[in-house]
Amino acid sequence: MTQRSCAVYGVGIVSAHLLFIGIGLFVAQVFQTVIHNRLKKEITLTEGSRVFETWKNPPPPIFMQYFFFNVTNPDEFLAGAKPFVSQVGPYTYREYRPKENVTFLENGTRVAAYQSKTFVFLPERSVGDPDIDMITTINIPAVAVMNKVKDSFWKSSMVSIWMNSLHVGMFMTHSVNELLWGFKDPLLSRIHPMNPEIDEYFGLMYKKNGSNDGEFVYHTGEADFMDYGRIARFKGESKLSLWTSEQSNMINGTDGSAFHPLLSKKERLYIFSPDLCRSIFMEFEKDVEVKGLSAYRFTPPRDVLASKEENPANEGFCVSPKECLGSGVLKVSVCKKGAPVVVSFPHFYLGEEKYTNAIEGLNPVREHHQTYLDLNPTTGLPVRASKKAQINILINRISGFPKTKYLNETIFPVMFINETVVIDDTSVVKLQKLLLMVTLVSNFPLIIVGLGVLLLLVFICLIVCERKLKMTTKEDTSYSPVSTKEGDEKNVSTYIGMTPIIEKS
C-alpha cells in the first residue's frame, strides 16, 4: 500500500473516530453538563461571583412612573352619580436601590441585606411639574378614620363634627408632590395629640424616599442553585402572620431582582412583594428578544388575584369572610394600619367588569397594564421588567357620616405605578460574551460531529480521486501487440539480407 493510500484511509479513520466521539458526547450531554455546573457555581450571591456586584448595586436604570386618577365630578358622585376620572401622568422618577449592610450568614449559604430606595424626579420624562399640577381624589385619611371609628357611636359622632368644623370632605385636592411625599392633614392633626401613634402627615409614598422595607435574608444559591436569590426571612420572620391561612402567609420566591439560572418554561416563579404584603406567582407566556438577547416572558395569570370561587387557594387572603372581594382586587388593610386600601392591576386589568364599569374613564388594555418579567433563561437575569400596581380605596355608606349616605360600595382608583427597567448596553455586552461561551462549550460535541462530517466528505472525495487515478495509470502503462503479415515478411527479409554468407573453401 502506497503512502498516498495510507493518508486517504487515515482521513477515513479520523473521520469515523470524530463522528463516534462527537455523537457519543452529544448523547451523553457531557459538555452541556459541565458548563451548566459551572454556571450554577458562578451565579451565586458570594464575593467574587459574576453577579454579586450587580446584585448589590444594579447598573440598569430603574424608572418609577406615577399615574393619577383625577376626579372631575366629585359633587355629582356624592349625590349618587357614577364618578368620572381622567388619567394624569406619568410623573417619572429615577429609582436607586442599592443593597446595604450586606452580611453573610450560616457559612455563606445565606446573605442579609437592606434595600434602600431613593427617588429623583425626571422632568424630561414627565407630563408636568409635580409642585404645580393639582389632583382631586378621594380623601384617603378621612375615609381611613371613618372606617376606624365606625363601630363606636361616640367616636364617629366626634369625628363627624371635626370633619364639618375643619371643612374636610370625601374628596381632597393637592399637588402631585403632596399626594406622593406627604402633607399635613387637618383631620389627622386633630387626632394626633390624643393618639400619637397616628401621624399627622399623609402621603402615598410618605417616608419611602431614602428608606427601606426592612431586612431581607436571601439564600446565596451556593448550597442549591435553585435557591439562588430566594428569600429565607423578612424582618426576622420566615413567614407572615397577616392572613388567615398557612399557605397565604408563606414567603415564597425572590424579591424580583434575581432568579436561578437554567429556567424552564414549565416552572412557576414566585415573587414576594412587601407592598402587596404577600407573594405572587408568574407563569411563562412567550419568547421575546431584548437588545439581541433571548428571553422568556413571565406574567401573573388571572389566578393570582382571582376570587376564592375561581381559585379556592386565595380564600386565605380574605381579611374576613365578609371582606372577601371579587377577582382582580386584593384588600391589604391588614398591613396598612387598617386603612381600606385595595390593590389591583391598573384599570382593574384581569379583574371583574363590575369594577371597571363602576368608574367612567377606565379602559384596561393588556399592552399598557400588564405586569411582565423578561428573563434570560440561561442565567436567570432580568433583561427587562415592568411591574404595575394600582392603589384603590374601598368606600361605602358609613352610619354616622351623612356625607356617605348616597354612596354604594365602590373600589375607587387613586393612582397606579409602573416600575420599569431595561438592561443597559454594558451589561448586554458582558452577558453576550458569557452566553457565547456557554453556547460554544455546550455545542462542542456538534462541532466535533461537524468536523467529522467534513473529513468524511474529504475522505469520499479522496477515494473517488484515487480510483480515477488508478484507472488512468492502468490505461497508460498497458501493452497491446500489433502484428500483420506484411510486417512479418519485412522483418524476415531484412534478417536474411543481413545474415553473412560463408563460402566453402
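Residues numbered from 1 in each chain as written. Predicted model: local features only at pLDDT ≥ 70, side-chain atom pairs only at ≥ 80, totals over all residues. Heavy atoms only, no water.

The protein chain goes by Lysosome membrane protein 2-like in an unreviewed UniProt entry, where it is assigned to Salvelinus namaycush. The annotation that UniProt attaches to the protein chain under Subcellular location (unreviewed entry) is "Membrane". You can read under Sequence similarities (unreviewed entry) in the UniProt record for the protein chain the words "Belongs to the CD36 family." (UniProt positions renumbered as here; feature names shortened; annotations may be inferred.)

Caption draft 1: Quick look at the overall build of the protein chain. Counting its regular elements, the protein chain contains 13 helices and 18 strands. Out of the 505 residues belonging to the protein chain, those deemed buried represent 45%. Residue pairs at least 24 apart in sequence account for 66% of intrachain contacts in the protein chain once pairs closer than 6 positions are excluded. Carbon and sulfur atoms make up 57% of the accessible area of the protein chain, which amounts to about 27,100 Å² in all. (Helix = DSSP H or I, 4+ residues; strand = E, 2+ residues; numbered from the N terminus. Buried < 20%, exposed > 50% of the residue type's maximum accessible area, 1.4 Å probe, protein only. Contact = heavy atoms within 4.5 Å. Areas by Shrake-Rupley, 256 points an atom, 1.4 Å probe, with all protein chains shown as cover.)

Caption draft 2: A look at the packing of aromatic side chains. In the structure shown here, the tally under the stated rule is 25 aromatic pairs. Aromatic side chains Trp55 and Tyr218 sit 5.4 Å apart centroid to centroid with 90° between the ring planes, which places their arrangement in the edge-to-face category. Of the two residues, Trp55 sits in helix H3 (residues 52-56) while Tyr218 sits in strand E9 (residues 211-219), which places them 163 residues apart along the sequence. The residues Trp55 and Tyr218 share a single accessibility class, namely buried. Ring geometry for Phe183 against Phe202: centres 6.0 Å apart, planes inclined by 80°, an arrangement best described as edge-to-face. Of this pair, Phe183 sits in strand E7 (residues 183-184) while Phe202 sits in strand E8 (residues 201-202), and the two are 19 residues apart along the sequence. Here Phe183 and Phe202 have matching classes, each one buried. A network of ring pairs unites the aromatic residues Phe52, Trp55, Phe104, Phe216, Tyr218, Phe234 and Phe272 as a single cluster. Sitting over the face of the ring of Phe317, Arg278 holds its NZ or CZ atom 3.8 Å from the ring centroid. (Phe/Tyr/Trp six-rings, centres within 6.5 Å; stacked < 30°, edge-to-face > 60°. Lys NZ or Arg CZ within 6 Å of the ring centre and 35° of its normal.)

Caption draft 3: Molecular detail of the pattern of salt bridges. Scanning the entire structure with this criterion turns up 21 salt bridges. Put simply, Arg230 and Asp227 hold a salt bridge, and the shortest N to O gap is 3.0 Å. Here Arg230 falls in the partly exposed class, since its relative accessible area comes to 30%. When the shortest N-O distance is used, the salt bridge between Glu285 and Arg366 registers 3.0 Å. Within this pair, whereas Glu285 is found in strand E12 (residues 278-290), its partner Arg366 is found in helix H10 (residues 366-369), the two being separated by 81 residues in sequence. Looking at Glu285, the relative accessible area reads 25%, which means it is partly exposed. Look at Arg366 and you get partly exposed, because its relative accessible area is 41%. Put simply, Glu95, Arg97, Lys208, Asp275, Lys387 and Glu419 are held in one network by salt bridges that share partners. (Salt bridge = Lys/Arg side-chain N within 4 Å of Asp/Glu carboxyl O.)

Caption draft 4: Seen up close, the packing of helix H5 (residues 140-149) against helix H6 (residues 153-165). Taken N-terminus to C-terminus, the directions of H5 and H6 make an angle of 155°; their axes are 8 Å apart at the nearest point. Relative to H6, the element H5 lies roughly antiparallel. When the axes of H5 and H6 are compared, the crossing they make is left-handed. Of H6, the residues touching H5 (which contributes Ala142, Val145, Met146 and Val149) are Lys155, Ser156, Val159 and Met163. Residue composition of the contact of H5 with H6, grouped by class: six nonpolar, one polar and one charged. (Axes fitted to C-alpha atoms, helices over the stretch in contact; angles between N-to-C directions. Parallel < 35°, antiparallel > 145°, perpendicular 65-115°, else oblique. Left-handed = near helix turned anticlockwise from the far one by under 90°. Nonpolar A, V, L, I, M, F, W, Y, C, P; charged D, E, K, R; others polar.)

Caption draft 5: Structural detail: the environment of Thr420. As for its placement among the helices and strands, Thr420 is situated in strand E18 (residues 410-422). Between the alpha carbons of Thr420 and Ile62 there is a distance of 5.8 Å; along the sequence they are 358 residues apart. Every residue in contact with Thr420, bar those within four places of it in the chain, is listed here: Pro61, Ile62, Phe63, Ala385 and Ser386.

Caption draft 6: Focus on the environment of Leu240. Summarising the element assignment, Leu240 is placed in the loop between strand E10 (231-234) and strand E11 (269-273). When near neighbours in sequence (up to four residues on either side) are disregarded, Leu240 contacts Asn249, Ile251, Phe272, Cys277 and Arg278.

Caption draft 7: Here's a closer look at H5. Burial analysis of H5 places nine of its ten residues in the buried class, which makes it a mostly covered element. Looking only at H5, the buried set comprises Ile140, Pro141, Ala142, Val143, Ala144, Val145, Met146, Asn147 and Val149. At the N-terminal boundary of H5, the capping side chain belongs to Asn139, with an oxygen 3.2 Å from the backbone nitrogen of Ala142. (Polar contact = N/O pair within 3.5 Å; in protein donor to acceptor, adjacent residues only side chain to side chain.)

Caption draft 8: Expanded view of the state of the cysteines. Under the criterion given, the structure shown has two disulfides. Here Cys277 engages in a disulfide with Cys335; their sulfurs sit 1.6 Å apart. Residues Cys277 and Cys335 share a disulfide whose torsion about the S-S bond is about 65°; that sign makes it right-handed. Pair noted here: Cys277 is in the loop between E11 and E12 and Cys335 is in the loop between strand E14 (329-331) and strand E15 (341-344), with a separation of 58 residues, a long-range link. What makes Cys277 buried here is its relative accessible area of 5%. Note that Cys318 is cross-linked by a disulfide to Cys324, the S-S spacing being 1.6 Å. (Disulfide = S-S within 2.5 Å.)

Caption draft 9: Representation of the nonpolar core within the structure. Grouped together as the largest cluster of nonpolar side chains are 111 residues, with contacts concentrated most on Tyr66, Phe68, Ile138, Leu180 and Phe412. Among the elements that line this core, the one with the most residues is H5, at seven residues. Look past the residues within four positions of Leu180 in its chain and what remains in contact with it is Tyr66, Phe68, Tyr93, Gly203, Leu204, Met205, Tyr206 and Met415. (Core = buried A, V, L, I, M, F, W, Y, C linked by side-chain atoms within 4.5 Å.)

Caption draft 10: Spotlight on the pairing of strand E2 (residues 85-96). As defined by bridge partners, strand E1 (residues 62-71) adjoins E2 across nine bridges and the pair is classed as antiparallel. What sits directly across from Tyr66, in E2, is Tyr91. (Pairing = 2+ DSSP bridges.)

Caption draft 11: Structural context of unusual backbone geometry. In this structure, Pro90 follows Gly89 across a cis peptide bond, with omega equal to 10°. Relative to the helices and strands, Pro90 resides in strand E2. A positive phi angle is found at Cys277, which is not glycine, with a value near 60°.

Caption draft 12: Spotlight on the side chain of Lys117. Looking at the secondary structure, you find Lys117 in strand E4 (residues 110-121). We classify Lys117 as buried; its relative accessible area is 14%. Setting aside anything within four residues of it in sequence, one finds Lys117 in contact with Glu95, Tyr96, Arg97, Lys208, Asn209, Gly210, Ser211 and Asp213.

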